[in-house]
Amino acid sequence: MQVNSLGLTEAQPENNVIRIVLESLGVTLSKKARCRALQLPAWNEALGLPRPWDQQWSLRIQQILACETDLLDHEDIFDGSVVIEARTAELVEASREELQRVLDMGGAVAAVDNAYMKQRLVESHTARVREIESGERIVVGLNAYTEAEPSLLTTGDAGASILVVDDDAEREQIERLQAFRRQRNQKEVEAALANLGDVLANGGNVMPPSIRAAHAGVTTGEWADALRALFGEYRAPTGVSGGQPRAASAETLEVRERTRKLGEKLGRPLKILVGKPGLDGHSNGAEQIAVRARDVGMEVVYDGIRLTPEEIVQSARDEGVHLIGLSILSGSHGVLVMDVLRRLQEAGLDLPVVVGGIIPDADARALTEAGVRRVYTPKDFDLTRIMGEMVDVVAESHGLH
Amino acid sequence: MASTELAERLLARDRAAVPDALNLIDDRRPARRDESFALLDRLQREVGDGGALRVGVTGAPGSGKSTLLDALVRALRRRERSVGIIAVDPSSPKSGGALLGDRVRLRSAAGDPGVFVRSMAARDRLGGLADATFAGVEVLCAVFDWVFVETVGVGQSESEVAGLVDTLAFVAQPAAGDLLQFMKAGIVELPHLFVVNKTDLGPAAERTAAELQAGLRLGEAPEDGWAPVVLRASARDGGGVDAVLEAMEAHRRHLEATGGLKERRRRGRIAFVREALVRRYGSYGIQRFGGREKLDERLGAAEGSSAFRLVRDVAREIETALAEACA
Ligand code: B12
Ligand SMILES: Nc1nc2c(ncn2[C@@H]2O[C@H](COP(=O)(O)OP(=O)(O)OP(=O)(O)O)[C@@H](O)[C@H]2O)c(=O)[nH]1
Ligand SMILES: [Mg+2]
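Source: prediction; values computed, not measured. Starting from 1, residues in each chain are numbered consecutively following that chain's sequence as written. Numbering of ligands from 1 and lettering of chains from A proceed in the order in which they are written. pLDDT decides what is reported in this predicted model: residues at 70 or higher carry local features, side-chain atom pairs at 80 or more are listed and counted, and totals for whole chains, interfaces and linings draw on all residues regardless. Side-chain figures throughout are based on the complete set of non-hydrogen atoms in the structure, without hydrogens or water.

Once that is clear, we can look at the interface of chain B and chain A. The partner chain A presents 37 residues to the 32 residues of chain B that form the contact. Once two parts are put together, the accessible area they lose, assessed with a 1.4 Å probe and summed over both, is termed the buried area. Carbon and sulfur atoms make up 45% of the surface buried where chain B meets chain A, a total of about 2,700 Å² over both sides. Of all residues in chain B, the largest losses of buried area upon contact with chain A belong to B:Leu99, B:Arg103 and B:Arg107, amounting jointly to 24% of the total for that side. A pair is scored as a salt bridge if a Lys or Arg side-chain nitrogen falls within 4 Å of a carboxyl oxygen belonging to Asp or Glu. Here chain B and chain A share six salt bridges between them. Where B:Arg103 meets A:Asp303, a salt bridge forms, and the shortest distance between an N and an O atom there is 3.7 Å. Helix and strand assignments follow DSSP, with helices taken as H or I runs no shorter than four residues and strands as E runs no shorter than two, numbered in order from the N terminus. For the side of chain B that touches chain A, the elements supplying multiple residues, two or more each, are helix H2 (18-26), strand S3 (98-100) and strand S4 (115-121) of chain B. Per element, the largest residue contribution to the side of chain B that touches chain A is six residues, and it comes from S4(B). Gly is placed with the polar residues, together with every amino acid not listed as nonpolar (Ala, Val, Leu, Ile, Met, Phe, Trp, Tyr, Cys and Pro) or charged (Asp, Glu, Lys and Arg). Classifying every residue of the side of chain B that touches chain A by side-chain character gives 12 nonpolar, seven polar and 13 charged. Paired strands are those between which DSSP finds at least two bridges. As paired strands, strand S2 (residues 299-302) of chain A and S3(B) are joined by three bridges and run parallel to one another. For this analysis, residues touch if any pair of their heavy atoms sits within 4.5 Å.

Rendered as structure tokens:
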């Protein structure tokens, strides 16, 4: 069981330890509903990857719970609790309803395909983000009790509080892969792949040829390429086009008006591209930015995850956008953003770029120096403010103020 | 003037000039309007009734228009034809913003210079086409072999897009309840071909196709001598896609053989001009000009003038009439 990490904040990250403890109680207190295995995130979840020491700290939470309390000595401590029973019954009922709805659509595959699932995810996240923004939902340290002593966990060298992946790691991994490929029996590999291709083309059972391929040392990439060659690549619905804006706040109306006015000055409404380059599947942030941009009156092109920098630049040019917003949570922002900037320059496109995601401060500075106009991270929960700044960025880039 | 250079480049079929041209024709600033006018006037005169095959793809939301287009693009690319696409999505009436989502399905465009996609928001044209669509088609037609316009079918847009293209395809989903609605609304009279998509989902497609066929027999005989065809396809697995393309080509040949192409384009241009003037001056303005009939007469007599010039010329005449009315 992996507990929720979405609620873990970049702001006052030391508070995350308390959140993690509470979450671990949630999945262990009831003996009958106790998880079999538990993996807890670390206090620096929203900053970047955890170091061994951060993970150790989280591991100790479980060990303290198991060894220093009497939790494991008892039967289910909630037996007879009407409150817990009622709450559980509610959850069960709501889940059954949801399952039935999906079954009525023709099952999970159909519900993915018709965008139902993705739309519901985007909508519920939109509601969550709005609640945080309006203060309806309090997140301590983020939108309430924000005055704080400097965190002693994050002071010091930039990047000293997260795991910094060695630049050589990629090269080494590639070398290992190449070495592995060299020692395979190439004839066997080719025969296994040919066999896989034949079976796929004839609609047969993929398991036997896949097992044969594995024994021959065919890599996951080669195996997947064989499937891709026949079936193409699935593009999931983005889920963003459902749902209409709720009643807009005064701030939203203000940004909407500024968006409209700038559109008039520019001769046509503000059009933006929200892009996710690379293999990063973290779509929540990009989706919320796309939806909110629509809600402040922008015309938004959002093509979902897994785009190449080349595709992004092509879209931006062909679509005639005024701004590119990149969302990257994978840690590969350095390479990918620079790639986009370089391609823009090569294409002679003078378009402002903003970036959001898990971007350590030092990297944010480097990106800004390279020409990125603004960098946003999870502590920037005020989406209306972000929208206002994007309007400013477009205005600035056209010499309008 | 920058538009002269743009026009040259477009007429030389330079793809790189297309984004700039589309940005220009969308630009509302007065100075840019003039440039845009010069560009479009020239393009329409020089391209004339030649240029790309113009095909409209319409149908209910989610019926698979973009996916089908993607499959068509792949088939066309195999034949080394270049393709330009305008995909229109509705704008939110509340915020004025729009999420333009067709590109996600038009994957074959990625990285291929022979394919071009521009998404457009319908803006205040509820359920209709974007203002820039007509002009956009003109730009794409100069550069690409085939031009498609995708628009959600919700009634009004069918007749608008019909005026814009040579061939109109209607994409239906198997067992779509709204089919009957469409038939009642008379929308089935416009498309030249009906594609029942998603045949991979099972036998419901057969039923829908049969229903459509029956519904079509009830309709009036087509005035241009083309009997609409009902086809089955699966945009997902590619089945039937070549037949769709062939039907589109067959309709084009029919238009050329019967001389219908010229007439259809002429009517499309007139419809565009009338629409633009009615929207700008309202029924009062048209009345001052002398009424609908006088307007139609004026437009019908204007042979050889581009639609854009016609809008400009007749707008002046209406304004004079309005000024006289005030005096
Ligand atoms: C939810 C989540 C997931 C979900 C994602 C679901 C989805 N469809 O989005 C799931 C469970 C699938 C997932 C998987 C993984 N995750 Co994850 N995930 C998270 C988590 C907990 C929250 C991210 C999130 O949704 N936040 C909410 C949104 C609204 O916030 P946001 O994206 O940051 O956006 C805000 C700003 O950044 C900014 N912004 C973002 N984008 C843009 C774009 C523009 C244009 C603008 C203007 C602003 C902007 O505005 C937003 C508003 O505040 C983070 C940790 C954290 N708490 O941040 C880890 C995290 C991002 N994941 C991480 C990792 C490692 C993974 C995995 C690789 C784990 C694994 N080994 O398998 C996989 C990779 C999956 C993949 N294919 O890419 C790491 C990344 C580490 C790094 N960058 O160095 C993180 C930081 C956790 C950690 N510390 O290890 N994850
Ligand atoms: N099974 C199946 N699904 C299809 C087929 N064609 C499209 N789809 C799916 O239907 C959904 C809608 O497809 P789109 O191509 O986006 O439909 P659209 O008509 O362009 O939709 P809008 O532009 O939103 O009106 C997607 O999930 C597609 O994957 C098909 O032939 N078979
Ligand atoms: Mg579409």
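Right, let's talk about the coordination of the cobalt atom of ligand 1 for a bit. Of the protein atoms, A:His282 (NE2) alone serves as a donor to the cobalt atom of ligand 1, at 2.1 Å. One can find A:His282 in the loop between strand S1 (271-275) and helix H11 (284-295). Coordination partners: N, O, S within 2.8 Å of the metal, 3.2 Å for Na, K and Ca; water not considered, so apparent gaps in a site are possible.

Another point: the sheet that holds strand S5 (residues 146-152) of chain B. Residue and element names in this part refer to chain B. The strand order across the open sheet formed by seven strands is S4-S2-S5-S1-S6-S7-S8, and the pairing between neighbours is parallel. In the strand order of this sheet, the two ends are held by S4 and strand S8 (229-232), each with one partner. If you compare each strand with its neighbour and ignore which way they point, the axes differ by 20° on average. For helices, the fitted line uses only the C-alpha atoms of the stretch in contact; every axis is such a line through C-alpha atoms, and the angle between N-to-C directions lies from 0 to 180 degrees.

A separate point is the domain arrangement of chain B. All names here are of chain B. All the domain ranges listed were derived from an automatic or database domain assignment. The domains assigned to chain B are domain 1 (1-48), domain 2 (50-258) and domain 3 (263-326). The C-alpha-based centres of domain 2 and domain 3 are spaced at 29 Å. In this assembly, 17 residues from domain 2 lie in contact with 10 residues from domain 3. Carbon and sulfur atoms make up 49% of the surface buried where domain 2 meets domain 3, a total of about 990 Å² over both sides. Counting across the interface, domain 2 meets domain 3 through two salt bridges. Ionic pairing is found between Arg-279 and Asp-131, a salt bridge with its closest N-O pair at 3.0 Å. Secondary-structure elements contributing two or more residues to the side of domain 2 that touches domain 3 are helix H5 (132-143), helix H6 (156-164) and helix H9 (241-258). For the side of domain 2 that touches domain 3, the per-class residue count stands at six nonpolar, three polar and eight charged.

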